[in-house]
Amino acid sequence: MRWMWIDRIAELDKGRRCVAVKNVSLAEEHLHDHFPAAQERRALPVHPATLIIEGFAQTAGILVGHARDFKEKVILAKIGKATFSRDVTAGQTLFFTAELERIDDTGASTHGTIEVIDQTDVVSNTAAPRQPVGEITMMFSHIDRNMQGLDFPDRNFVFTDQFFDLLHNSGIEI
Amino acid sequence: MSMSPEEVFEKIQEVLVDALGVDDDEVTPNATLTGDLGAESIDFLDIVFRLEKAFDIKISQGELFPDNVLQDPQYVQDGKVTEKGIAELKERLPHADFSDFEQDPDVNKVGEIFTVDAICKFVQSKLQA
């Protein structure tokens, strides 16, 4: 079982762009450890930036995999840049927008943005434009074409049924 | 596009600072990508993508860093580049200096063939083409 850090794919434009959403919830245990109450303050549930990066990696990974019909094993190889300007907490929805900059046989370069909507704004019907959270640049390797000539198993252990179920349940058939 | 060697160097310096997270004063003409600037294999791909964007040029796969040589089992065995592999690399990279690499042809050290100056020469030749 792989941890999925995106809930749905909202848009998948082959070889160009993928948008995914994730709802952040207090039912997720990690929010209670990040950060628990301390002597002089109450608990501060913040969705960790590392998991935002993983969510973006899954979004961009689908984009890169889809570009080559999921035939390649697409592995996150490098985070060029990851900047964050806002904390994300329970009751908010994350938007991951990944764009493909360049792809060739050995790998791909992506960049994109993270945004958030606060669901309380939606309930109160106040304007809820997406607020910027951060920017990421990320590179992926097609690992069967790695420079060191290492062998990996034939089966595609990156794009398992879990990913295809996610696409299917998002209304995307490939 | 007409650019002086100094302009090319400055742009390449910027590319390497962004791609490798090094300081600009570390990017000297003689600095090697892996040895001095800490580049790993995926960084080569990153550098190629960034050079294309910075100079508006097209670099075919394997043109600057001949990766398809290093993926070929007859050229790389047990993490070492074979004699045949070195001969192939020399043919593909006529301007590079292989004397140190031949002493210890560890595939992870192949980047030491690539100096900042070698990249500058490569880009200049592309711009003139």
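Here is a short report on the structure shown in this document. (Residues numbered from 1 in each chain as written. Chains lettered and ligands numbered in written order. Predicted model: local features only at pLDDT ≥ 70, side-chain atom pairs only at ≥ 80, totals over all residues. Heavy atoms only, no water.)

Looking at the packing of aromatic side chains
All names here are of chain A. In the structure shown here, the tally under the stated rule is five aromatic pairs over all chains. Pairing Trp 3 with Trp 5 gives two aromatic rings, centres 5.2 Å apart and planes at 85°, and the pair type is edge-to-face. Judged by its relative accessible area of 62%, Trp 3 falls in the exposed class. Residues Phe 159 and Phe 163 carry aromatic rings whose centres are separated by 5.6 Å and whose planes lie at 65° to one another, so their mutual orientation is edge-to-face. (Phe/Tyr/Trp six-rings, centres within 6.5 Å; stacked < 30°, edge-to-face > 60°. Buried < 20%, exposed > 50% of the residue type's maximum accessible area, 1.4 Å probe, protein only.)

Focus: the interface of chain A and chain B
Each side of the interface is counted separately: chain A has 18 residues, and chain B has 20 residues. Note on chain A versus chain B: buried area summed over both sides is about 1600 Å², and carbon and sulfur give 56% of it. Note that Glu 52 of chain B is salt-bridged to Arg 102 of chain A, the shortest N-O span being 2.5 Å. Connecting chain A to chain B are five residue pairs in polar contact (both at pLDDT 80 or more). Residue assignment for the side of chain A that touches chain B shows that the elements contributing at least two residues are strand S3 (74-84), strand S4 (92-103), strand S5 (107-118) and strand S6 (131-142) of chain A. (Contact = heavy atoms within 4.5 Å. Buried area = accessible area lost by both parts, 1.4 Å probe. Salt bridge = Lys/Arg side-chain N within 4 Å of Asp/Glu carboxyl O. Polar contact = N/O pair within 3.5 Å; in protein donor to acceptor, adjacent residues only side chain to side chain. Helix = DSSP H or I, 4+ residues; strand = E, 2+ residues; numbered from the N terminus.)

Overview of the environment of Phe 95 of chain A
Along the chain, Phe 95 of chain A turns up in strand S4. In this structure, Phe 95 of chain A is in contact with Ala 20, Val 21, Thr 113, Ile 114, Glu 115, Ile 117 and Arg 130 of chain A, ignoring residues within four places of it in sequence.

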